[in-house]
Amino acid sequence: MPQIVFLPHPVFCPEGVVIEAPAGKSVCDIMLENDIEIEHACDRVCACTTCHVLVREGYASLNEPEEKEEDLLDRAWGLESVSRLSCQAIVGTEDLVVEIPKYTINHAAEKNH
């Protein structure tokens, strides 16, 4: 079973964590099932960018992003070539290293008010 290494994030997993991850599940579902309460404002239906993650290792083992996800990612804060919406990123057979960005589009907007 693949493992996902979640790098430390000051809010969601301050110490970082390694989780056994069954292939075929979304990265978002795996986080939520393991008490990493990442935002998912659209309830995981690929309609926002609040579950944006950076897949630092193992990106190629995930399913291919669909056009809708790619379009939404254009609005994500801190977009990189390894960006995915965790609700759409389905775990394959390889280990992953995942970083949760410091901000989401919701957090950035709230902080400016």
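The name recorded for the protein in an unreviewed UniProt entry is 2Fe-2S ferredoxin, from Massilia genomosp. 1. Quoted verbatim from the Cofactor (unreviewed entry) heading of the UniProt record, the comment on the protein is "[2Fe-2S] cluster". A UniProt comment under Sequence similarities (unreviewed entry) is attached to the protein, and it reads "Belongs to the adrenodoxin/putidaredoxin family."

In this structure, what is going on with the environment of Leu 85? I would like to understand it.
Inspection of the secondary structure puts Leu 85 in strand β4 (residues 83-85). Between the alpha carbons of Leu 85 and Arg 44 there is a distance of 9.1 Å; along the sequence they are 41 residues apart. What Leu 85 contacts, discounting residues up to four positions off in sequence, is Cys 46, Cys 48, Thr 49, Cys 51, His 52, Glu 69, Leu 72 and Leu 73.

In this structure, what is going on with the confidence of the model for the protein? I would like to understand it.
Detailed reading of the predicted model is not advised wherever pLDDT is low. When the pLDDT values of the protein are averaged, the result is 90; 92% of them are 70 or greater. Segment residues 108-113 is flagged for pLDDT under 50; beyond a separation of four residues in sequence, or across chains, it makes 0 contacts in the model.

Which parts of the structure should I look at to understand the sheet that holds strand β2 (residues 17-20)?
Within a sheet, adjacent strands bond to each other through the backbone by hydrogen bonds, running parallel or antiparallel. Strand order in the open sheet made by the 5 strands is β2-β1-β5-β3-β4, with mixed pairing throughout. Unpaired on one side and paired on the other, β2 and β4 mark the two borders of the sheet. Neighbour-to-neighbour, the strand axes of this sheet turn through a mean angle of 35°, independent of strand direction.

Any chance you could explain unusual backbone geometry here in plain terms?
With glycine set apart, most residues show a phi of negative sign, and most peptide bonds adopt trans. A positive phi angle, near 60°, is found at Asp 43, a position not held by glycine. Summarising the element assignment, Asp 43 is placed in the loop between α1 (27-33) and β3 (52-57). Classification of Asp 43 as partly exposed rests on a relative accessible area of 47%. Here Arg 44, not a glycine, exhibits a phi torsion of approximately 70°, which is positive. By secondary structure assignment, the location of Arg 44 is in the loop between α1 and β3. A residue is classified by how much of its surface remains accessible, and Arg 44, at 34% relative accessible area, is partly exposed.

About the cut-offs
Residues numbered from 1 in each chain as written. Predicted model: local features only at pLDDT ≥ 70, side-chain atom pairs only at ≥ 80, totals over all residues. Heavy atoms only, no water. UniProt positions renumbered as here; feature names shortened; annotations may be inferred. Helix = DSSP H or I, 4+ residues; strand = E, 2+ residues; numbered from the N terminus. Contact = heavy atoms within 4.5 Å. pLDDT = per-residue confidence, 0-100. Pairing = 2+ DSSP bridges. Axes fitted to C-alpha atoms, helices over the stretch in contact; angles between N-to-C directions. Buried < 20%, exposed > 50% of the residue type's maximum accessible area, 1.4 Å probe, protein only.

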